[in-house]
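# A closer look at the structure
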Amino acid sequence: METSEELKLLGFWVSPTVARVGWALGLKGIKDYVYVEEDVMYNKSPLLLQLNPVHKKVPVLVHHGKPIAESDVIVKYIDETWKNYPLFSQDPYEKAKILSFAKFGDKLYADAFKAMWSRGEEQEKVVKSTIEELQKIEEEIKGRKFFGGESLGYLDIALGWISYLLPIWEEVAFIKIFDPIKFPGIALWAENFLSHPVIKEKLPPKDRAVEYFQERRAFITSIIYG
Amino acid sequence: MADEVKLLRTWSSPFALRIVWALKLKGVEFETIFEDLAKKSSLLIENNPVHKKVPVLLHNGRSVCESFVILEYIDETWTNGHPLFSKDPYEKAEARFWAKFGDDKLWLSVRGILFGNEAEQEDAKAQAREHLKYLEEQLEGKKYFGGEAIGYLDLAVGWMANLLSVLDEITGHVLIEELKFPLLWKWMQVFSDAPVIKESWPSRDKLVVKFRAMRDLYLAGKN
C-alpha cells in the first residue's frame, strides 16, 4: 500500500498538463499522495529545479523518490504501474491510433493557445486552422460517450482541456472556435467529461482562470506586439 | 496468416531509420516503399491523411504513423523478438522522456548549427552541448542507452551516430569530442558497429550532398 510519502505531484493550479496527471491518478483510485503547488510564473522551488532540471516545468511526479516529467510520459507510467482502470486499449493498433491522435491534440492545443494571444490577420489565420483541426476531433468522437468508449481513457485525459480551457481562452480573446452547434459531438462529450466525479474535482475555479489568462494574454501580447 | 509489413519512407529520413532498425532487430520481414516527398504517392496520402509524412508503417493494410508511436506499436506487436523497452515502468518512462528530449531539444539545436549563420551556429552549438551533457549522463555504467542491448532510446537518438559527422563535414562544427563526451563517443562507435545498424545507414556521401544543398538553399532564402 502506497503511503503519502512515496507519491508526490508537483503542479500548478491552472495547468491542463498537471490536470491530466491528477485525472489519471483519480481514475486509478489513488488519492494518497502529496500535492505541491509550484509558483511557476514567478518563483519555482529549488525542489522543482532539482527534479526537472531539463525543462523546469510541472507536472513532475515523484514515485519512490524517482522523478518523472512530461505529462504524457507520466500518464503512461501511471497506467503501467497501476493496472486497474486501464487507460489504453489492449490492442496495439488501437493504442497506436490513440497515441497518434493525442499528438494531433497537442498541435490543436498549441494553435488554440496562439489563437488566444495573437491579433489581426495572424489571429484570423490560426483561428481558422484551429476550427479545421477541431473538426477532426468532432469526427473522432462521433456517436461515442467518451473517446475511451463507455469509460474515460487516455485520449479523454489528453484532450480534456478542450472542455473547459478552450471556452475560457475564447472568452479572454473574444474569439469563437468551439461552437456547440457546429461541434455537437464534442459539446456532448464535454458535458459528460466535466460531470465525471474524478474530472470535476480537479478543475480550476473559472473566474480565477479567466483572470489568469487575461493577464497571460496581456503579457504575451505586450512582448510580441509591443 | 503471414504478416504483410510495409514501410513508407524516404532514403534519408532519420526518423524512418528508427523503424528500419526496429523491424530488423525484431526479425520482421518487410517491404520498403521509397517516397518522393515532392510527389507524394496516393498510398501515403491515404494512410497518413493528417500529416502526409513518412515514416508510415502498414501492417496487414492498417497504417501506423509517427515514428515513436510506430516503435511502441512494433514492440507490443512482435513480442517474441528483441525487446525495445525495459519491463520496469520507470526505466520505460526515462527512455520515453529522453527520446522526446532528443527530438524536441537536441535535434532542434543540431538543425540550428546546420542552417545557421556563424552567430546562430555558436548559439546552437552551446545549446547542443548542454543537451548532450544530459545524454552523456544517461550512458553511465551502460553499453547502450538500453543497457546491455540496443533499446528504444538508442533507436530514438541513433541518428547522432551518423548525422553528426555529416554536420561536421558540412559546417566544420564537431559536437561530440572524445575528451568532452567519452561515453557518447564510445556509444557512437559501438552502436554504429552493431550489424543491424551498420547495414542500414544511408549513403554518407549522398547525405552530405543533400544537407549541404539544404543549407545553401536555406541561407540563400534568408538573404
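Residues numbered from 1 in each chain as written. Chains lettered and ligands numbered in written order. Predicted model: local features only at pLDDT ≥ 70, side-chain atom pairs only at ≥ 80, totals over all residues. Heavy atoms only, no water.

Quick reminder: α-helices carry 3.6 residues per turn. Residues three or four places apart thus point the same way. All names here are of chain B. The terminal C-alpha atoms of helix α5 (residues 118–138), which comprises 21 residues, lie 30 Å apart, in line with the 30 Å expected from a rise of 1.5 Å per residue. Among the structural elements, α4 (89–115), α6 (152–157), α7 (160–171), α8 (182–193) and α10 (204–222) are those in contact with the buried residues of α5. Where α5 begins, the side chain of asparagine 117 points an oxygen toward the backbone nitrogen of alanine 119, at a separation of 3.2 Å. (Helix = DSSP H or I, 4+ residues; strand = E, 2+ residues; numbered from the N terminus. Expected span 1.5 Å × (residues − 1). Contact = heavy atoms within 4.5 Å. Polar contact = N/O pair within 3.5 Å; in protein donor to acceptor, adjacent residues only side chain to side chain.)

What follows concerns the pattern of salt bridges. Under the criterion given, the structure shown has 25 salt bridges over all chains. For glutamate 76 of chain B, the salt bridge goes to lysine 95 of chain A, with nearest N and O atoms at 2.9 Å. Here glutamate 76 of chain B, found in helix α3 (residues 67–77), pairs with lysine 95 of chain A, found in helix α4 (residues 92–117), and the two come from separate chains. On the basis of relative accessibility, which here comes to 25%, the residue glutamate 76 of chain B falls in the partly exposed class. For lysine 95 of chain A, a relative accessible area of 12% corresponds to the buried category. Residue lysine 198 of chain B is joined to aspartate 193 of chain B by a salt bridge in which the shortest nitrogen-to-oxygen separation is 3.9 Å. Salt bridges here are not isolated pairs; linked through shared partners, they connect Glu80 of chain A together with Glu72, Lys92 and Arg96 of chain B. (Salt bridge = Lys/Arg side-chain N within 4 Å of Asp/Glu carboxyl O. Buried < 20%, exposed > 50% of the residue type's maximum accessible area, 1.4 Å probe, protein only.)

Residues and elements named next belong to chain B. This model, assessed by the stated rule, comprises one cavity of 30 Å³ or more. Taken as a whole, the largest cavity spans an internal volume of roughly 50 Å³. Contributing to the lining of the largest cavity are Ser12, Pro14, Leu17, Trp159, Asn162, Leu163, Trp201, Pro202 and Leu207. Those elements giving two or more residues to the lining of the largest cavity turn out to be α1 (14–25) and α7. Looking at the lining of the largest cavity, its residues break down into seven nonpolar, two polar and no charged. (1 Å grid on protein atoms, 1.4 Å probe; cavity = no way out; pocket = protein on both sides within 12 Å on 5 of 7 lines; lining within 4 Å. Points joined across faces, edges and corners; volume = space filled by probe spheres on them. Nonpolar A, V, L, I, M, F, W, Y, C, P; charged D, E, K, R; others polar.)

Now for the interface of chain A and chain B. Across the contact, 25 residues belong to chain A and 22 residues belong to chain B. Of all residues in chain A, Val54, Glu80 and Tyr93 of chain A give up the largest surface area on contact with chain B, accounting jointly for 26% of the area buried on that side. Taken together, the connections running from chain A to chain B amount to six salt bridges. Of the charged contacts in the structure, one is a salt bridge between glutamate 80 of chain A and arginine 96 of chain B, with a shortest N-O distance of 2.9 Å. Scanning the region where chain A abuts chain B turns up eight residue pairs in polar contact (both at pLDDT 80 or more). Listing elements by their share of the side of chain A that touches chain B, those giving two or more residues are β4 (66–69), α3 (71–81) and α4 of chain A. Here the element with the most residues in the side of chain A that touches chain B is α4 of chain A; it accounts for eight residues. Split into classes, the residues belonging to the side of chain A that touches chain B amount to twelve nonpolar, four polar and nine charged. (Buried area = accessible area lost by both parts, 1.4 Å probe.)

Before going further, it helps to examine the pairing of strand β4 (residues 62–65) of chain B. Residues and elements named next belong to chain B. As paired strands, strand β3 (residues 56–59) and β4 are joined by four bridges and run antiparallel to one another. Along β4, the bridge assignment pairs valine 56 with cysteine 65. The loop that links β3 with its antiparallel partner β4 comprises two residues; one of these, asparagine 60, has a positive phi angle of about 50°. (Pairing = 2+ DSSP bridges.)

With that out of the way, let us pick up the environment of tyrosine 144 of chain B. Residue and element names in this part refer to chain B. For tyrosine 144, the position within the fold is in the loop between α5 and α6. Since its relative accessible area comes to 8%, tyrosine 144 is described here as buried. Placed 74 residues apart in sequence, tyrosine 144 and isoleucine 70 show a C-alpha to C-alpha distance of 21 Å. Filtering out sequence-adjacent residues up to four positions away, tyrosine 144 remains in contact with Leu139, Ala149, Ile150, Asp154, Trp187, Val190, Phe191 and Ala194.

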